[in-house]
Amino acid sequence: MQIVSIRSGLVGLALAAMATTLAPGALAFGGEDIRYGRPWHHLDMTLRALAGDEEAEAGVPEDVFDGAGFDRQAAMSVAWHADYIDSYLYNPIWWLQGAPGSRRFKASISQFDHLAAMHHDDTFTNEGLADNWKRYTAGLLIGLRWAADRNDVAAGHNLLGIASHAVQDFYSHTNWIDDPQRRQSTWLEKAPSTRTGYSLYSGAYEHPQSQAPHHHGAYSLSCSVIEHVNLKDSLETLCGGYSPMQNTSLCTTYRDCRGATEVSMSGSDINLDGVVYLQPTGIAVDTTRIAIVGAGERGLVNSAGAFLPGKGEPNMTLAQCNAVVNFGVTCDHDTRGEICTKPANTRTCERDVDFLFADAKMLATRSTTQYMKLVERSMRFMDPRRSCTDDELRRANCSDKYETYWHQLKTRPSSMSQRTRQFENFAQLPFQFMSAGSYPVRNAATSHAPYVASSDGWFLRVRIKTSDDRLSGTDADIKLEVEGPGYRRAELLDYLPTSDAEGHVDNRFLVYNDFEQGDNDVYTIGPFPARPTRVTLINESANAGEVAGALWDDFKRGIRNKLTDTRRLLISIIGGNADLVGDAEQYYSHAELKAIIEGGRQGFSMEVDGGDEGRYRVKVLYEMSTAGLTSDERADGWKVFKFTLAELRCLEESTWDRGSNSDEPFFFFSVAPLNGVPGEQVKTYRAGPFSDVDDGERRNLTGADRVMAVKVPPHGGMALAMQLFESDNENSGDRNQLYTTFKTGVDEETRRGNGRFLDSVGRAVAEDWKVVEMEVTPFKRAAVPQMAPSKTFTNIGWIEGKERKSFTLPTGATYDVLPSNTSMKDVTTWFVNTNPLLVDGNIRDRIARNPGELQLPVNPGTQPPVLDPDTIKKTPGLPKGTIGSNTVIDKENLGTISNGRLGQVGNLSIALWQGSWSSNFGPLRFQQTGDSVVGDYADRGRMTGTIQPGTNTLAGEFANGNRTGEFRFELNGSEFTGKWKWKGEKTWRGEWTGKKTDSAKPVLKNK
């Protein structure tokens, strides 16, 4: 399956291309070319963050990203998930490309809330965004441990890819880049204490904007159609203040689109200029084409894309900007696997806003690399011995399960079928470890959503397999009751998407039917306040009587609402309620009407009392038979009820009628069956206007359609509705419009009711359920994530309607997912010198590359011994673990002495800045003694600096000829990022970055 062809294989027309990219919510780090990406930014960022520039594309003028040590094909497997989460969310063409019989569409619909929670959207507080980072990271580590226990590499790639997507969206969906100083650093590079002082938020998208400073932004297909088809002039007249159409949804949409913003979205072979519109506009900066709108909404640039005063300046050279954005790169599949290529001639950064987008992409990519390295440290430290060499990992001859698994994630690709399986096989869905629970959190409470303090808590990942035996599935509601210390709560296990708060389903095509024969589905529920100890499966079926009672209330309410719709239309047409006499409804269940007819009654009357508007009565005759029923329907007790409208009688004419001294009534009548028959049509009749109708007069009703017959099962029923009007100023077209609204509204409610009737009767009839097994995995998202032992319960057997089956969960000890003395703060903070994961990790990496080679020289005095790479050599035959002038430290005993912080191992410090570096301003050479660093700035002058206490920041001065400048560098592994200015200036002039080329102590040449 080709990466490009997946995107564009069905996109032959411009509107198809628009549907691919402009599906609601599709604003995310997308593509520069609407059809081919060039690049698809999430794929490009993830690939480069993991595998480096050389594996991501060809012809970049200067390398920007070194990667996190992933092989190209393994990195591409992760990048696919980072990119295609949005296709599962918002791309109908991707849904339709699913293989026949696949669950792609159902997966996209049923998993919408889970996948939408992985974008940092709709979070309007700094605390909420910090919680998102913790949520994603804790869930990722838990999920990776779960996947490692199953040796499921493809599931791990899914987790890493979707987590990468969330990391990257932080920089394009929040206001992080609005501050020019923050554009210099990733969120991970800021101390937690510093982060708490920010006022960060993301744009509103899936949630109301009332609490949000800005919207995220959304493509509007409606606005695109209105603008492109040039409907504006017509709609301006049609939706004017005196038009009867002014309150329709069409006119509301037209008024909203007055504020729409055009976006240039043309591709290499598709011209959509003047076609694509955003409504509402928002702060997203997901491509260079969108960034001009998003940066303008943020107040950073003017309409030409130039920075406004005080809002910053480009932080990189033109070559760097082009390299970061990576204009023109495409990725495809050939015999060598998935590769990326880049044409010689392509777009270039031109405006300030292009450089701003490059800043966001630079931060997102760098942050992804840092994040992966932090996760790698966490995975390696899950094993208590931590004893694998690179050679052992390559030969898969290592007893450390989690380190071995991480090595597989970095080196083994997953196939396309394995990738799609993570979304479309409902027994997988590994991303739910991150997405489960309330989202967003820490937003202020509203009438629609309560305040949620945290996404932390205990969760249960529950996989339930229904038997393959015939009739083993159920349509009943299945609940899982969860018990723990001080609580008991039942959760509905249901992927059924609903259209309103009461759970009504309007579009039956969107329904996912849970617990069908042979299903093997996962549900992740929680949070719970403490570790669950017991679960109970509850088959909450309903009997037919309960179903009928619940349905009747809903069906009546629906019919009544549709009559109200006709009243509203009348107000729009005529200008008031004066010509509506009134409406009436009569509801019969099968049993009620059957008993009435068998009791000898042959008819009834429906009366409309409009007070001063008049009072009328329609006489209705009814019969009951079995004519036209099948033998099965007769055997099951179905009946045919026939209603005949006989006459209209005026009991009292209106007290005042415009233009005459008599009434001219007309009315609509309907019989709507609730019988569960798919596509059943409502029976309707219209009569009048009748001229010169006075008190006591009757009018016989004629026409074949006044006879209406419906068939109804024993637990079904019928709704009879009538609406009567007084004819005055309206014309025949107005009456036709009223009748259409009346007929289609009642018909729509009938189809909806019959769909629910089928579901409910199914729950009552097909209630028993046979379960093969249930696997329960408890886990806790928190500052220190935890897991508890999984348990698979087998041979559960039949669970009948109203039955409960309980299961006691294992009581074994919980285990922390992170190594001791670390927390989520360490996994989300990139301070090499203070983070225990990174301190131990840096030393351990060096040892892993050259096992047994580290010999520590002892320096006299008060300074701790320095790990100086140019003096390290292997001294064989000496005892391990002894600190002395000839001591060898290797990975087998490192754990016993690695108890230091602040760059120390025991009483040893590491010269992290010492060595030779390449930078964007030439080569640098540094020597480090304690916290002091001296060095050469190319051949231009000396550099002196001091490492800031408790950080990985080096700050100082440099000489350039006769001028003196200031610099500030942040160390990230073997790279640094930083900035510079001339001494005495208040604002930084530009970016200064570099990477280490040699760890040996260099000879300094400059004076």
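Residues numbered from 1 in each chain as written. Predicted model: local features only at pLDDT ≥ 70, side-chain atom pairs only at ≥ 80, totals over all residues. Heavy atoms only, no water.

The name recorded for the chain in an unreviewed UniProt entry is VWA7 N-terminal domain-containing protein, from Henriciella pelagia.

Draft legend 1. Quick look at the overall build of the chain. From N to C terminus, the chain includes 28 helices and 39 strands. Across the 1007 residues that make up the chain, the buried fraction comes to 57%. Looking at the chain alone, contacts between residues at least 24 apart form 70% of all its contacts between residues at least 6 apart. Entry remark: accessible area of the chain is about 40,100 Å², with carbon and sulfur atoms responsible for 48%. (Helix = DSSP H or I, 4+ residues; strand = E, 2+ residues; numbered from the N terminus. Buried < 20%, exposed > 50% of the residue type's maximum accessible area, 1.4 Å probe, protein only. Contact = heavy atoms within 4.5 Å. Areas by Shrake-Rupley, 256 points an atom, 1.4 Å probe, with all protein chains shown as cover.)

Draft legend 2. A look at the environment of leucine 1004. Positionally, leucine 1004 belongs in the segment after β39 (994-998). Each C-alpha atom of the pair leucine 1004 and aspartate 936 lies 6.1 Å from the other, and the pair is 68 residues apart in sequence. Beyond its immediate chain neighbours, meaning those up to four positions away, leucine 1004 contacts Arg925, Gln927, Val934, Gly935, Asp936 and Arg942.

Draft legend 3. Inspection of the state of the cysteines at higher detail. For the coordinates displayed, the defined rule picks out 1 disulfide. Put simply, cysteine 321 and cysteine 349 are joined by a disulfide, and their sulfur atoms are 2.1 Å apart. Its S-S torsion of about -85° marks the bond between cysteine 321 and cysteine 349 as left-handed, since a negative value means left-handed. With cysteine 321 in helix α16 (residues 318-325) and cysteine 349 in the loop between β6 (337-341) and α17 (352-380), this residue pair connects regions lying 28 residues apart in the sequence. When its relative accessible area of 5% is taken as the criterion, cysteine 349 is described as buried. (Disulfide = S-S within 2.5 Å.)

Draft legend 4. Quick look at the pairing of strand β31 (residues 915-919). Within β31, 4 of the 5 residues are buried, which leaves it mostly tucked inside the rest of the structure. Here β31 hands over to strand β32 (residues 924-929) after 4 residues, with glycine 922 in that stretch at a positive phi of 105°. Bridge analysis of β31 against β39 gives 4 bridges, and the strand direction is antiparallel. Residue serine 916 lies in a different strand from β39, and its bridge partner there is aspartate 998. (Pairing = 2+ DSSP bridges.)

Draft legend 5. Quick look at the pattern of salt bridges. The tally for this structure, following the rule as stated, stands at 33 salt bridges. Its salt-bridge partner being arginine 463, residue glutamate 773 comes within 2.8 Å of it at the nearest N-O pair. Highlighted residues: glutamate 773 in strand β21 (residues 769-781) and arginine 463 in strand β7 (residues 457-466), separated in sequence by 310 residues. Each member of the pair, glutamate 773 as well as arginine 463, carries the same accessibility label: buried. A salt bridge links aspartate 936 to arginine 925; its shortest N-O distance comes to 3.1 Å. Residue aspartate 936 is located in strand β33 (residues 932-937), and its partner arginine 925 is located in strand β32; the two are separated by 11 residues in the primary sequence. (Salt bridge = Lys/Arg side-chain N within 4 Å of Asp/Glu carboxyl O.)

Draft legend 6. Spotlight on the packing of helix α15 (residues 288-297) against α17. Running from amino to carboxyl end, α15 crosses α17 at an angle of 100°, the nearest separation of the two axes being 9 Å. Classified by the angle their axes make, α15 and α17 are roughly perpendicular. In this structure, α15 contributes Thr288, Ala291, Ile292 and Ala295 to the contact, and α17 contributes Val353, Asp354, Leu356 and Phe357. (Axes fitted to C-alpha atoms, helices over the stretch in contact; angles between N-to-C directions. Parallel < 35°, antiparallel > 145°, perpendicular 65-115°, else oblique.)

Draft legend 7. Seen up close, the packing of helix α9 (residues 126-149) against helix α19 (residues 401-411). At their nearest, the axes of α9 and α19 sit 10 Å apart, and the two run at 95° to each other. The angle between α9 and α19 places the two elements in the roughly perpendicular class. In this structure, α9 uses Leu144, Arg145, Ala147, Ala148 and Asp149 to contact α19, whose residues at the interface are Lys401, Tyr402, Tyr405, Trp406 and Leu409. Tallied by class, the residues present in the contact of α9 with α19 amount to 7 nonpolar, no polar and 3 charged. (Nonpolar A, V, L, I, M, F, W, Y, C, P; charged D, E, K, R; others polar.)

Draft legend 8. Fine view of the nonpolar core. If you look at the biggest cluster of nonpolar residues, it comprises 144 residues, and the most contacted ones within it are Leu144 and Met774. If one sorts the elements of this core by residue count, α17 sits on top with 14 residues. If near-sequence neighbours (up to four positions away) are discounted, methionine 774 is found in contact with Val462, Arg463, Ile464, Leu480, Val535, Leu537, Lys791, Thr792, Phe793, Ile796 and Phe807. The next biggest cluster of nonpolar side chains, apart from the first, holds 32 residues, and it includes Ala584, Tyr588, Cys650 and Leu720. (Core = buried A, V, L, I, M, F, W, Y, C linked by side-chain atoms within 4.5 Å.)

Draft legend 9. Fine view of the sheet that holds strand β12 (residues 580-589). Strand order in the open sheet made by the 4 strands is β12-β20-β16-β17, with antiparallel pairing throughout. Two strands lie at the open edges of the sheet, namely β12 and β17 (683-687), each paired on one side alone. Taken pair by pair, the neighbouring strands of this sheet meet at an average axis angle of 10°, ignoring direction. Judged from the 9 bridges that link them, β12 and strand β20 (residues 717-726) form a sheet pairing that is antiparallel. Opposite glycine 582, over in β20, you have leucine 724 as the bridge partner.

Draft legend 10. Broad picture of the packing of aromatic side chains. Scanning the model with the defined rule gives 51 aromatic pairs in all. Look at phenylalanine 958 and tryptophan 982: their rings are 6.0 Å apart centre to centre, the planes differ by 40°, and that puts the pair in the tilted class. Here the residue phenylalanine 958 occupies a position in strand β35 (residues 953-960), and tryptophan 982 occupies one in strand β37 (residues 975-982), the gap between them amounting to 24 residues. Accessibility expressed as a relative area gives 3% for phenylalanine 958, which makes it buried. A network of ring pairs unites the aromatic residues Trp913, Trp917, Phe921, Phe926, Tyr937, Phe958, Phe967, Phe969, Phe976, Trp980, Trp982 and Trp992 as a single cluster. Residue placement shows arginine 195 over the ring face of tryptophan 187; its charged tip is 3.6 Å from the ring centre. Sitting above the plane of the tryptophan 988 ring, lysine 981 keeps its charged end 4.7 Å from the centroid. (Phe/Tyr/Trp six-rings, centres within 6.5 Å; stacked < 30°, edge-to-face > 60°. Lys NZ or Arg CZ within 6 Å of the ring centre and 35° of its normal.)

Draft legend 11. Representation of the side chain of threonine 368. The residue threonine 368 is located in helix α17 in this model. On the accessibility criterion, threonine 368 (1% relative accessible area) is buried. Once residues within four sequence positions are removed from consideration, threonine 368 is found in contact with Ala49, Leu50, Ser164, Val167 and Gln168.

Draft legend 12. Quick look at the pairing of strand β16 (residues 665-674). Burial within β16 is extensive, with 10 of its 10 residues counted as buried. Side-chain alternation along β16 places Pro665, Phe667, Phe669, Val671 and Pro673 on one buried face and Phe666, Phe668, Ser670, Ala672 and Leu674 on a second face that is also buried. In this sheet, β20 lies alongside β16 in antiparallel orientation, the contact comprising 10 bridges. Of the residues in β20, the one forming a bridge with phenylalanine 666 is phenylalanine 725. Of the pairings in the sheet, the one linking β16 to β17 comprises 5 bridges and is antiparallel in character. Its bridge partner being in β17, valine 671 is matched across the sheet by lysine 683.

Draft legend 13. Structural context of the sheet that holds strand β8 (residues 477-484). What the 4 strands build is an open sheet, ordered β9-β8-β11-β24; its pairing is antiparallel. The open sheet has two edge strands, β9 (487-492) and β24 (804-808), and neither has a second partner. Neighbouring strand axes in the sheet, compared pairwise and without regard to direction, differ in orientation by 20° on average.

Draft legend 14. Representation of unusual backbone geometry within the structure. Cis rather than trans, the peptide bond between glycine 526 and proline 527 has omega equal to 5°. With an omega of 10°, the peptide bond running from glycine 688 to proline 689 counts as cis. You will see that leucine 429, though not glycine, has its phi angle at about 50°, which is positive. Summarising the element assignment, leucine 429 is placed in the loop between α20 (416-424) and α21 (432-435).

Draft legend 15. Molecular detail of a negative patch on the surface. A surface patch of like charges, here negative, comprises Asp609, Asp612, Glu652 and Asp695. With respect to the secondary-structure elements, glutamate 652 resides in strand β15 (residues 639-652). (Patch = residues over 30% accessible without salt bridge, like charges linked within 9 Å, V, L, I, M, F, W, Y side chains within 5 Å. Lys, Arg positive; Asp, Glu negative; His and termini not counted. Charge placed at Lys NZ, Arg CZ, Asp CG, Glu CD.)

Draft legend 16. Representation of helix α3 (residues 41-51) in the model. Within α3, 11 of the 11 residues are buried, leaving the element largely enclosed by the surrounding structure. For α3, the complete set of buried residues consists of His41, His42, Leu43, Asp44, Met45, Thr46, Leu47, Arg48, Ala49, Leu50 and Ala51. Positive phi appears at glycine 52, one or two residues downstream of α3, with a value of about 95°.

Draft legend 17. Up close: α19. Of all 11 residues in α19, 9 are buried, a share of seventy percent or more. Those residues of α19 that sit buried are Tyr402, Glu403, Thr404, Tyr405, Trp406, His407, Gln408, Leu409 and Lys410.

Draft legend 18. Representation of the environment of phenylalanine 921 within the structure. In this fold, phenylalanine 921 is placed in the loop between β31 and β32. Taking the C-alpha atoms as reference points, phenylalanine 921 and alanine 938, separated by 17 residues in sequence, lie 7.9 Å from one another. Ignoring anything within four residues of it in the chain, the contact list for phenylalanine 921 reads Tyr937, Ala938, Arg940, Trp980, Glu991 and Trp992.

Draft legend 19. Representation of the side chain of threonine 123 in the model. Here threonine 123 shows up in the loop between α8 (112-116) and α9. A relative accessible area of 0% places threonine 123 in the buried class. A distance of 3.2 Å separates the side chain of threonine 123 from the side chain of asparagine 132, its partner in a polar contact. Beyond its immediate stretch of four places on either side in the chain, threonine 123 contacts Gly128, Leu129, Asn132, Tyr201, Ser202, Tyr439, Pro440, Val441 and Asn443. (Polar contact = N/O pair within 3.5 Å; in protein donor to acceptor, adjacent residues only side chain to side chain.)

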